[in-house]
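Fold and geometry: a report
Listed below, chain by chain, are the residues.
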Amino acid sequence: MTFHSMWAELLPIGRDSASGGYRRYAWTGADADCRTWFQEQAEARGLTYEVDRNGNQWAWLGDPAAGNAVVTGSHLDSVPDGGAFDGPLGVVSSFAALDELRSRNARFTKPLAIVNFGDEEGARFGLACVGSRLTAGQLTIEQAHRLTDGDGITLPRAMEAAGYDPDTIGADPERLARIGAFVELHVEQGRALDLSGDRVGIAGAIWPHGRWRFDFRGEANHAGTTRLADRRDPMLSYAETVLAARREAELAGAVATFGKIVVEPNGVNAIPSLVRGWLDSRAADQERLDTVVGGIEKAARAYAEAHGVDLDIVRESFTPVVEFDHALRDELARILGKDTDPGLKVPVLGTGAGHDAGILSGSIPTAMLFVRNPTGVSHSPAEHAAEDDCVAGVTALADVLEGLACR
């Protein structure tokens, strides 16, 4: 099966006809269809298929118990109305790379696995990388049980409804101990490769990043009869905070985004009693991130006080800077650079996006490959990678897996 045919099979699953974007949320029907697709791909290749205690899917070539396995893969879920490439490109490319290695008659000396990590995007329960966080012990059982979607359904209930046993979730050190290296291929979420003219790059580090919830609490009242001077309107404080976030990010050379908001009572003719907004902020280093978030919090509290509004700020998640394993990164550079002009090097890129490879980096050696994205757009239906660049990514991944698992 070719890359093109696999991609065509996966493409319609979870796609919204109106927006053109994807709604593949964890433990929903679209997610189940993606999981069925993964299992079928594994079984069609004679791989040993299994689902781990946290709902992550695995397809094994060789004996998993042998240890020092080389693992590749990514995720199949999406953000709301997301693009086709973020996550699925890595999974499809992994199966295609294995096919390429078999066509080369590669002789594997280590077990090889392809993985689909569950709930990477966090679109349903508000926390990214749930499957890999649980596996690495970065999300406790108690914390996982408290995760709730917008309809009040908890993660355990959602897993159970999808046919999985939520009583088994938790850290999985035995599985991680079997893995010698994890390499994740991903569409680039930016334009660095397009600007440099390269089809494939290597990740150097992931910026520190986090999510903060801002709860502005005022007083609901009639929009037509309440004097402006008598209002305690939390929307004003929130709006000013959004502008402050942009200003602080620009000053620090970082990024800050309020991309989700909940308003109560959410009536056209009612002054809100509550405006809840979520801040996502990322920077190249911890000092700059602290400066940005600290500046936003200071401004938000000043605006809240000025409008007679109460404010609570809660940090919901945080990931420190991730330096990918230097030895593995250098090995990828050596493998991919061996047939190129000595004066040319495979580009090494930093990224502001979080990934399962970043979560696992504290437990096992991890690395990432990026495939060129000509527009730099991601988390949008406009996300794109040309097919010849995708095929170049498959070849690069196959070369890397051959270098790591066939020597």
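Residues numbered from 1 in each chain as written. Predicted model: local features only at pLDDT ≥ 70, side-chain atom pairs only at ≥ 80, totals over all residues. Heavy atoms only, no water.

An unreviewed UniProt entry lists the chain under the name Allantoate amidohydrolase, with Streptomyces bluensis as the source organism.

**What to know about the side chain of serine 78**
Structurally, serine 78 can be placed in the loop between β3 (69–74) and α3 (88–103). Classification of serine 78 as buried rests on a relative accessible area of 4%. In terms of polar contacts, serine 78 uses its side chain to reach the backbone carbonyl oxygen of tyrosine 22, at 3.0 Å. A polar side-chain atom of serine 78 sits 2.9 Å from the main-chain amide nitrogen of arginine 24. When sequence neighbours within four positions are dropped, the list of residues in contact with serine 78 reads Tyr22, Arg23, Arg24, Tyr25, Glu121 and Ala123. (Helix = DSSP H or I, 4+ residues; strand = E, 2+ residues; numbered from the N terminus. Buried < 20%, exposed > 50% of the residue type's maximum accessible area, 1.4 Å probe, protein only. Polar contact = N/O pair within 3.5 Å; in protein donor to acceptor, adjacent residues only side chain to side chain. Contact = heavy atoms within 4.5 Å.)

**A word on the side chain of aspartate 77**
Secondary-structure assignment places aspartate 77 in the loop between β3 and α3. Arginine 35 provides the closest opposite charge to the buried, unpaired aspartate 77, separated from it by 8.2 Å. Polar side-chain contacts of aspartate 77 include one of 3.0 Å to the backbone nitrogen of glutamate 120. (Lys, Arg positive; Asp, Glu negative; His and termini not counted. Salt bridge = Lys/Arg side-chain N within 4 Å of Asp/Glu carboxyl O.)

**So, the packing of aromatic side chains**
One pass over the full model with this rule turns up 13 aromatic pairs. A ring pair is formed by tryptophan 37 and phenylalanine 95, whose centres lie 6.0 Å apart and whose planes are at 85°; its orientation type is edge-to-face. Separated by 58 residues along the polypeptide, tryptophan 37 in helix α2 (residues 29–44) and phenylalanine 95 in helix α3 bring together distant segments of the chain. Since its relative accessible area comes to 0%, phenylalanine 95 is described here as buried. Between tyrosine 238 and phenylalanine 258 the ring centres are 5.5 Å apart and the planes differ by 80°, which places this aromatic pair in the edge-to-face class. One end of the pair, tyrosine 238, is in helix α9 (residues 234–252); the other, phenylalanine 258, is in strand β9 (residues 255–264), with 20 residues separating them in the sequence. Each residue in the set Trp37, Phe38, Tyr49 and Phe95 is aromatic and connected to the rest through ring pairs, giving one cluster. (Phe/Tyr/Trp six-rings, centres within 6.5 Å; stacked < 30°, edge-to-face > 60°.)

**Comments concerning the sheet that holds β9**
A sheet is described by the order of its strands in space; here four strands give the open sequence β9-β11-β7-β12, paired in antiparallel fashion. Pairing within the sheet leaves two strands with one partner each, and these edge strands are β9 and β12 (310–319). When strand polarity is set aside, the average angle formed by the axes of neighbouring strands in this sheet is 15°. Alignment of strand β7 (residues 209–217) against strand β11 (residues 274–282), held across nine bridges, turns out to be antiparallel. Bridging from a neighbouring strand, arginine 211 pairs with aspartate 280 of β11. On the sheet, α9 packs against β7, β9 and β11 and is oriented at approximately 170° with respect to β9. (Pairing = 2+ DSSP bridges. Axes fitted to C-alpha atoms, helices over the stretch in contact; angles between N-to-C directions.)

**Here we look at the packing of helix α1 (residues 3–10) against α3**
Relative placement of two packed helices is described by the angle separating their axes and the distance separating the axes. Contact geometry of α1 with α3 gives a least axis separation of 10 Å together with a crossing angle of 145°. Here the hand of the crossing between α1 and α3 comes out right-handed. Between α1, through Phe3, Met6, Trp7 and Leu10, and α3, the contact on the second element is made entirely by Pro88, Leu89, Val92, Ser93, Phe95, Ala96 and Asp99. A class-by-class count of the residues in the contact of α1 with α3 yields nine nonpolar, one polar and one charged. (Left-handed = near helix turned anticlockwise from the far one by under 90°. Nonpolar A, V, L, I, M, F, W, Y, C, P; charged D, E, K, R; others polar.)

**With respect to helix α10 (residues 286–306)**
With 21 residues, α10 should cover 30 Å at 1.5 Å per step; its first-to-last C-alpha distance of 30 Å lies within 8% of that length. Buried positions along α10 lie against β7, α9, β9, β11 and β12. At the N-terminal boundary of α10, the capping side chain belongs to aspartate 285, with an oxygen 3.3 Å from the backbone nitrogen of glutamate 287. Immediately downstream of α10, the backbone of glycine 308 shows phi near 65°, a positive value. (Expected span 1.5 Å × (residues − 1).)

**Some thoughts on the nonpolar core**
Taken as a class, soluble globular proteins show a tendency for nonpolar side chains to be buried jointly. Core analysis: the biggest nonpolar cluster contains 51 residues, and Trp37, Leu89, Phe95, Leu332 and Leu369 have the highest contact counts within it. At nine residues, helix α13 (residues 387–405) tops the list of elements feeding residues into this core. Once residues within four sequence positions are removed from consideration, leucine 369 is found in contact with Val183, Glu184, Leu185, His186, Val200, Gly201, Ile202, Leu332, Leu336, Ala396, Leu397 and Val400. (Core = buried A, V, L, I, M, F, W, Y, C linked by side-chain atoms within 4.5 Å.)

**Let's talk about the pattern of salt bridges**
Per the counting criterion, the structure on display carries 25 salt bridges. Ionic pairing is found between aspartate 16 and arginine 23, a salt bridge with its closest N-O pair at 3.4 Å. Classification of arginine 23 by relative accessible area gives partly exposed; the value is 35%. Because the salt bridges share partners, they merge into one network encompassing Arg213, Asp215, Arg217, Arg276 and Glu316.

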